[in-house]
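Observations on the model geometry
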Amino acid sequence: MKQPELRFVDRVVIVTGAGAGLGRAYALLFASRGASVVVNDLGGSRHGDGSSSKIADAVVNEIRKNGGKAVANYNSVLDGAKIVKTAIDAFGRIDVIVNNAGILRDKSFSKMSEIDWDLVQNVHVKGAFKITQAAWPYFIKQRYGRIIVTASNSGLYGNFGQANYSAAKMGLIGLANTLAIEGQSKNIHTNIIIPTAASRLTEDVLPPEIFEQLKPELIAPVVVWLCHEKCMENGSIIESALGWAGKCHVIRSSGSVLRPDLSSNVTPEDVEERWSAITDMSTAKHFDSIAEVTGEFLVTIDAMKSGN
Ligand code: NAD
């Protein structure tokens, strides 16, 4: 059975870094589904230098030409409050934030400067913090909000030359995990997208036959669904590429008790002896919350009490 069309009537969406690549595809799809869109982009290089209003304007013009509603904003995400103000001034509310703006400053770790580190942390992590915090009071008041943060497989798995970027992308996962908890009771949902798409950030790293199949337009429907009022997903990491999507989980091994009872100590040799049991992932499982993890401590204490 065909699903009814998902619309964004009277919803206002900010997409950061929406002048190109993935952000542009998100902005166009949101607008085609009835959302009023703030197209934010400062129009710099992929390393974060320079600025131009051109690319944000081009996306706004494209949306308007197609009969949609959009305004441009040229601030850096580090001026998050100004971007939220653009949404309020133009459309009177804010419902969805897609934290998508990003830059790369790839260097092998030994050559990475503090500037390379700071610029990448700032645009990705601090930018998401600033804009999301500016929108948060509106979300709380209206008891509704949808937030996306953009992470990367470079964060989950590491990638040569991307220590700054990998750290920033994992930072965003931590941010989203906690926002998901703090927003849950107020119908504010935060999810993480891990995209792989053809863009200027990936044009020199992906083989051509894969590159041409990695259209940003194939990821946009996943982000748009996650931001719809019908979507109850919260705190999830969703990976998408090529017209495919899946969910990622952190898992932990069952581990091994390292001391026979509560009155004993643990030596490095105890750890060495049990290393294969500690790292045996055959019975690994996922935990849904920090409370669940802490709950396992009681089970471990009971095991030590009974000497098992
Ligand atoms: P892109 O370079 O095409 O688009 C990023 C946009 O962000 C650019 O238009 C840029 O001008 C804008 N931007 C940069 N700094 C900004 C700032 N301070 N304020 C406002 N706008 C700013 O790149 P893309 O591939 O579409 O990447 C989008 C997001 O997806 C990024 O966060 C990136 O790290 C992430 N990502 C992309 C891939 C991929 O395969 N393309 C993989 C993993 C993660």
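The model shown is predicted, which means the values in this text are computed figures rather than measured ones. The residue numbering used here restarts from 1 in each chain and proceeds along that chain's sequence as written. Only residues with pLDDT of 70 or above have their local features reported here, since the model is predicted, and side-chain atom pairs are shown and tallied only from 80 upward, although totals for entire chains, interfaces and linings are computed over all residues. Processing note: side-chain calculations cover all non-hydrogen atoms of the structure and skip hydrogens and water entirely.

Moving on to the nonpolar core. Side-chain atoms within 4.5 Å are what join buried Ala, Val, Leu, Ile, Met, Phe, Trp, Tyr and Cys residues into a set we call a nonpolar core. Only protein chains enter the accessibility calculation, which uses a 1.4 Å probe; a residue whose area is less than 20% of its type maximum is buried, one above 50% is exposed, and one in between is partly exposed. Ranked by internal contacts, the top residues of the largest apolar core, which has 34 residues, are I14, I94, I97, F139, I147 and I192. Listed by contribution, the elements that provide at least two residues to this core are β1 (12-15), α3 (80-91), α4 (114-142), β5 (145-150), α6 (163-183) and β6 (188-195). Secondary structure is summarised from DSSP: a helix means a run of H or I of at least four residues, a strand means a run of E of at least two, and numbering begins at the N terminus for each. It is α4 that provides the largest number of residues to this core, a total of 7 residues. With 33 residues, the next largest nonpolar core counts Y26, L28, V37 and I148 among its residues.

Spatial ordering of the open sheet is given by β3-β2-β1-β4-β5-β6-β7-β8, a layout of 8 strands whose pairing is mixed. The strands lining the two open edges of the sheet, one partner per strand, are β3 (69-73) and β8 (244-248). Sheet twist, expressed as the mean angle between neighbouring strand axes with direction ignored, is 20°. Bridge analysis of β1 against strand β4 (residues 96-99) gives 3 bridges, and the strand direction is parallel. Note that in β4 the partner of I14 across the bridge is I97. Working rule for contacts: check all heavy atoms of both residues, and any pair within 4.5 Å makes them a contact. Axis lines are fitted through C-alpha atoms, for helices just across the contact stretch, and the angle between N-to-C directions can take any value from 0 to 180 degrees. Its contacts with the sheet place helix α2 (residues 54-65) against β2 (36-40) and β3, and it is angled at close to 175° to β3. Packing of α6 onto the sheet brings it into contact with β5, β6 and β7 (237-241), and relative to β6 it is tilted by some 155°. Only strands that DSSP links by at least two bridges are regarded as paired with each other.

Here the focus is the site of the ligand. Of all residues adjacent to the ligand, which total 31 residues, the nearest are D41, N100, Y165, A197 and S199. With respect to the ligand, the backbone of L22 contributes an N or O atom lying 2.8 Å from an oxygen atom. The definition of a polar contact used here is a pair of N or O atoms within 3.5 Å, where within protein one atom must be able to donate a hydrogen and the other to accept one, and adjacent residues in sequence count solely through side-chain atom pairs. One of the backbone nitrogen or oxygen atoms of A197 is found 2.8 Å away from an oxygen atom of the ligand. In this description, accessible areas are obtained by the Shrake-Rupley approach with a 1.4 Å probe, and a residue is regarded as covered only by the protein chains that are shown. Coverage of the ligand by the protein chains reaches 97% of its 820 Å² of free accessible surface. Only α1 (21-32), α4 and α6 provide two or more residues apiece to the shell around the ligand. For the shell around the ligand, the per-class residue count stands at 13 nonpolar, 15 polar and 3 charged. Here a residue is considered near a molecule or strand provided that any single heavy atom belonging to it is located within 4 Å of it. Gly counts as polar in this scheme, as do all residues outside two lists: the nonpolar Ala, Val, Leu, Ile, Met, Phe, Trp, Tyr, Cys and Pro, and the charged Asp, Glu, Lys and Arg.

With that settled, consider the layout of surface pockets. Empty space within the second largest pocket amounts to approximately 810 Å³. N177, G235, H286, F287 and D288 are the residues nearest the centre of the second largest pocket, which is lined by 23 residues in total. Sorting the residues of the lining of the second largest pocket by element identifies α5 (153-157), α6, β8 and α11 (290-305) as the ones contributing at least two each. Of the residues that constitute the lining of the second largest pocket, the class distribution is 12 nonpolar, 8 polar and 3 charged. Each cavity reported here is a set of points on a 1 Å grid over the protein atoms alone in which a 1.4 Å probe fits but cannot get out, each pocket an open set with protein on both sides within 12 Å along at least five of seven lines, and each lining residue one with an atom within 4 Å of a point. Grid points are joined across faces, edges and corners, and a volume is the space filled by probe spheres set on the points.

Structurally, N100 can be placed in the loop between β4 and α4. Aside from chain neighbours lying at most four places away, what touches N100 is T16, G17, L22, G23, Y26 and T150.

Turning our eyes to something else, we now look at the pairing of β5. Where a strand is regular, its side chains alternate between the two sheet faces. Of all 6 residues in β5, 6 are buried; the element is thus mostly enclosed. Side-chain alternation along β5 places G145, I147 and V149 on one buried face and R146, I148 and T150 on a second face that is also buried. Handedness of a crossover is defined as follows: with both strands directed away from the viewer, a clockwise route from the first strand across the helix to the second makes it right-handed. In this fold, the crossover linking β4 to β5 by way of α4 has right-handed handedness. Note: β5 against β6, 6 bridges, orientation parallel. Residue pairing for β6: R146 is matched across the bridge by H189.

Once that is clear, we can look at the packing of aromatic side chains. Paired rings are identified among Phe, Tyr and Trp, the last through its six-membered ring, by centres lying within 6.5 Å, and are further divided according to the angle between planes into stacked (under 30 degrees), edge-to-face (over 60) and tilted (the rest). Evaluated as defined, the whole model comprises 1 aromatic pair. Taking 5.2 Å as the distance between ring centres and 80° as the angle between the ring planes, the aromatic pair formed by F8 and F30 counts as edge-to-face. With F8 in the segment before β1 and F30 in helix α1, the pair connects residues that are 22 residues apart, well separated along the chain. Classification of F8 by relative accessible area gives buried; the value is 2%. The buried category is assigned to F30, whose relative accessible area is 0%.

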